[in-house]
Amino acid sequence: MQLETLRQEWKADGDWKKTQEFWDLRAAEFAGKERDSSRMRSTLAYLEGKGVLGAGTAVLDVGCGPGAYALAFARRGASVVGTDISGNMLRHARNRAEEEGLLGKTDFVHAVWETVDLEAQGWQGAFDLTFASMCPGISNVDALLALCRASRKACFLTTFARRRDVVRERLGRQFFGDSYQAPWGKTLSYTVATLFAAGYYPEVTYQQENWQWELSLDEAVRTYTPFFKEVCSSEEELASRLRASLAALARDGSVEERSESLTARVYWRVDEK
């Protein structure tokens, strides 16, 4: 498939303001999550095994959130730039870096990755590794290729190959009927197709993950809203319908979600093209 065809098929909605507001609201929730997950440990081991992470390496972490990976890279001696659309996420990241004495090894930049000017930022070919973990900003062909242009050696991203969420799928069937399919796997298929079309040869590996977590009713409404935006003509109506549906599933004011996923790790070299 040609890149122009992929550009027409793989598109983000481009409403960056709403995206920023959504992630600003979820920043405290994400900052409170476990910082040393099995996914993180395996990812760090994978990158160290490839020889692209360690003392003296320059890393760009796209969609860095509250800084979990950025700080893990810095602890290993890397010099890290983290960027995110959410200013609240970046405040958590900077606070963590200060707590750990890593401000000298990290820099956090507020930016919309899909519209970032690499030359203006000084990021064109500036990094040994460009990295994106479950980053919504890798949402079209040019956002992905910007990862390549910012790197002088290697690129890496993680995304879902498949995922099943019990509550989300229940909501989907309620709103759309039995034909509902959750939107997982799209980023992976377009990523691989784009990289091949651009002349890269990605290595794809997989990791099975299962977990469960609890959300307050307000958190649950915010979490599921992006997946069902087309259900209602207004955000207020959607929030009302989601709240009613989730309240029926809640216990003691909390909604328990259970997930089963297959995570894809995509690694490629730009210096071997």
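The coordinates are above.
Let me sum up the structure you'll find in this document. (Residues numbered from 1 in each chain as written. Predicted model: local features only at pLDDT ≥ 70, side-chain atom pairs only at ≥ 80, totals over all residues. Heavy atoms only, no water.)

Re the pattern of salt bridges
Proximity of charged atoms lets side chains of opposite charge pair with each other. Let me state the cut-off plainly: By definition, a salt bridge exists where a carboxyl oxygen of Asp or Glu is found within 4 Å of a side-chain nitrogen of Lys or Arg. Working definition: helices are DSSP H or I runs of at least four residues, strands are E runs of at least two. Numbering for both runs from the N terminus. The cut-offs for exposure are 20% and 50% of the maximum accessible area for each residue type, with area from a 1.4 Å probe on protein chains only; residues under the lower value are buried, those over the upper are exposed, and the others partly exposed.
This structure, assessed with the given rule, holds 19 salt bridges. Salt-bridge contacts for Arg 7 lead to Glu 4; the nearest nitrogen and oxygen are separated by 2.7 Å. Here Arg 7 and its partner Glu 4 are both found in helix α1 (residues 3–9), 3 residues apart, which amounts to about one turn of the helix. Residue Glu 100 is joined to Arg 75 by a salt bridge in which the shortest nitrogen-to-oxygen separation is 2.8 Å. Here Glu 100, found in the loop between α5 (87–99) and β3 (106–110), pairs with Arg 75, found in helix α4 (residues 68–75); they are 25 residues apart in sequence, far enough to count as distant. According to the relative accessible area criterion, Arg 75 is partly exposed, its value standing at 44%.

Quick look at the environment of Tyr 224
This is how the line gets drawn: Should any heavy atoms of two residues lie within 4.5 Å, those residues are considered in contact.
Tracing the chain through its elements places Tyr 224 in helix α10 (residues 217–224). For Tyr 224, a relative accessible area of 1% corresponds to the buried category. Put simply, Tyr 224 and Leu 246 are 22 residues apart on the chain and 9.9 Å apart in space, counted from C-alpha to C-alpha. Aside from chain neighbours lying at most four places away, what touches Tyr 224 is Val 167, Arg 168, Leu 171, Leu 215, Leu 242, Leu 246 and Glu 257.

Structural notes on the pairing of β3
Every regular strand shows the same layout, with side chains that alternate between the two sheet faces. The condition that has to hold: Paired strands are those between which DSSP finds at least two bridges.
With 5 bridges connecting them, strand β2 (residues 79–84) and β3 associate as parallel partners. Paired with Val 80 across the strands is Thr 106, a residue of β3.

Thoughts on the packing of helix α3 (residues 38–50) against α4
Cut-off, in case you're wondering: The convention used is that axes are lines fitted to C-alpha atoms, helices contributing only their stretch in contact, and that angles between N-to-C directions extend from 0 to 180 degrees. Roughly parallel here means an angle under 35 degrees, roughly antiparallel means over 145, roughly perpendicular means 65 to 115, and every remaining angle is called oblique. A crossing counts as left-handed when the near helix is turned anticlockwise from the far one by less than a right angle, and as right-handed when that turn is clockwise. Three classes are used: nonpolar for Ala, Val, Leu, Ile, Met, Phe, Trp, Tyr, Cys and Pro, charged for Asp, Glu, Lys and Arg, and polar for all others, with Gly counted as polar.
Where α3 contacts α4, the axes come no closer than 12 Å and their chain directions differ by 45°. With respect to α4, the axis of α3 lies oblique. Crossing geometry of α3 relative to α4 is assigned as right-handed. Contact residues: α3 offers Arg 39, Met 40, Thr 43, Leu 44 and Leu 47, while α4 offers Ala 68, Tyr 69, Ala 72 and Phe 73. Split by residue class, the contact of α3 with α4 holds 7 nonpolar, 1 polar and 1 charged.

Concerning the nonpolar core
This is how it is decided: Buried Ala, Val, Leu, Ile, Met, Phe, Trp, Tyr and Cys residues form a nonpolar core when they are joined through side-chain atoms within 4.5 Å.
Counting residues in hydrophobic clusters, the biggest one holds 35 residues, and the most contacted among them are Trp 113, Trp 123, Ile 138, Leu 147 and Trp 268. Elements supplying a minimum of two residues to this core: β1 (58–62), β4 (127–133), α7 (141–150), β5 (151–165), α9 (186–197) and β7 (254–269). Contacts of Trp 268, omitting those with residues within four sequence positions, involve Leu 144, Leu 147, Cys 148, Lys 153, Ala 154, Cys 155, Phe 156, Leu 157, Leu 195, Tyr 200, Tyr 201 and Pro 202. Membership of the second largest hydrophobic core comes to 26 residues, among which are Met 40, Tyr 69, Ala 72 and Phe 156.

Examining the pairing of β5
The condition that has to hold: By convention a crossover is right-handed if, when the strands point away from the viewer, the path from the first strand over the helix to the second runs clockwise.
Pairing geometry for β4 and β5, over 6 bridges, is parallel. Across the sheet, residue Leu 129 finds its bridge partner in β5, namely Ala 154. In this fold, the crossover linking β4 to β5 by way of α7 has right-handed handedness. Looking at chain direction, β5 and β7 are connected through 11 bridges and run antiparallel. Looking at the pairing, Arg 163 lines up with Ser 261 of β7.

Taken by themselves, the reported measurements are silent on function.
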